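# Topology and contacts: notes
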Amino acid sequence: MVSQEGSEVELLVSPGARSEHGRYLQDPIVSIDLSEWLRIIEFLLQGLKVYGSVYHINHGNPFNMEVLVDSWPEYQMVIIRPQKQEMTDDMDSYTNVYRMFSKEPQKSEEVLKNCEIVNWKQRLQIQGLQESLGEGIRVATFSKSVKVEHSRALLLVTEDILKLNASSKSKLG
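An unreviewed UniProt entry lists the protein under the name Glycine N-acyltransferase-like protein, with Homo sapiens given as the organism. A UniProt comment under Sequence similarities (unreviewed entry) is attached to the protein, and it reads "Belongs to the glycine N-acyltransferase family."

## Examining the pattern of salt bridges
Inspection of every chain in the model, using the stated rule, returns 4 salt bridges. Between glutamate 66 and arginine 81 there is a salt bridge, and its shortest N-O distance comes to 2.5 Å. A residue pair is termed long-range when its members are at least 10 positions apart, and glutamate 66 in strand β4 (residues 65–69) and arginine 81 in strand β5 (residues 77–82) qualify at 15 residues. Among the salt bridges present, the one from glutamate 135 reaches arginine 138, with a minimum N-O distance of 3.5 Å. Remark: arginine 138 and glutamate 135 occur in helix α3 (residues 134–143); sequence separation between them is 3 residues, near one turn of the helix. Given the relative accessible area of 38%, arginine 138 is considered partly exposed.

## Focus on the pairing of β5
β5 sits mainly inside the fold: 6 of its 6 residues count as buried. Pairing analysis gives 5 bridges linking β4 to β5, with the strands arranged antiparallel. Counterpart to leucine 68 in the pairing with β5 is isoleucine 79. By the bridge criterion, 4 bridges tie β5 to strand β6 (residues 97–102) in an arrangement that is antiparallel. Looking across to β6, one finds that valine 78 is bridged to phenylalanine 101.

## Digging into the side chain of asparagine 61
Along the chain, asparagine 61 turns up in the loop between α1 (34–58) and β4. What asparagine 61 contacts, discounting residues up to four positions off in sequence, is His56 and Gln83.

## Focus: the sheet that holds strand β7 (residues 125–127)
Read from one edge of the open sheet, 4 strands run β4-β5-β6-β7, paired in mixed fashion. Two strands bound the open sheet, and with one partner strand each, they are β4 and β7. Put simply, the sheet's adjacent strands are angled 20° from each other on average, direction ignored.

## Some thoughts on the side chain of glutamine 122
Along the chain, glutamine 122 falls in the loop between α2 (108–113) and β7. Taking the relative accessible area as the measure of exposure, glutamine 122 reaches 7% and is therefore buried. At a separation of 3.1 Å, a polar atom in the side chain of glutamine 122 contacts the main-chain carbonyl oxygen of methionine 87. Within polar-contact distance, the side chain of glutamine 122 engages the side chain of aspartate 90 at 3.1 Å. Apart from residues lying up to four places away in sequence, glutamine 122 is in contact with Met87, Asp89, Asp90, Asn96 and Tyr98.

Rules used throughout
Residues numbered from 1 in each chain as written. Predicted model: local features only at pLDDT ≥ 70, side-chain atom pairs only at ≥ 80, totals over all residues. Heavy atoms only, no water. UniProt positions renumbered as here; feature names shortened; annotations may be inferred. Salt bridge = Lys/Arg side-chain N within 4 Å of Asp/Glu carboxyl O. Helix = DSSP H or I, 4+ residues; strand = E, 2+ residues; numbered from the N terminus. Buried < 20%, exposed > 50% of the residue type's maximum accessible area, 1.4 Å probe, protein only. Pairing = 2+ DSSP bridges. Contact = heavy atoms within 4.5 Å. Axes fitted to C-alpha atoms, helices over the stretch in contact; angles between N-to-C directions. Polar contact = N/O pair within 3.5 Å; in protein donor to acceptor, adjacent residues only side chain to side chain.

Below you can see the structure in the form of structure tokens.
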């Protein structure tokens, strides 16, 4: 049970209750400040991007990607790219796709300027959901004398689409 009073979130657990993983919960009451709770949720959501890529690689790696991190599991910067043998056409910006995530976006500029992870001689795409990475990418590309085109795309899934997908699955089964 989660109750929200003022600026705190209290997780109320009966002593001896079992978690969904079958483990017994020890602490009868855990109190977490609401701002801390939101920080934890944001951290978990950000981590999903990284762990999702790792998941796909561990399950057959259908897109032949590799994940590069500064350290593991306490990473700050992650770059996901195709394996080098996949990036053979220097003009193919659909194959030469990089995805970036950083817990410290201000460091992205330094990483991109001083590493050989990105092949700046190729036509490429850098994709990501963090607005804060934009400035670091702009500065890094300027320092490499790379022409940049910025575009923004937004994925929007409506409830109608979800219902349509669910009803088509039920017809198939």
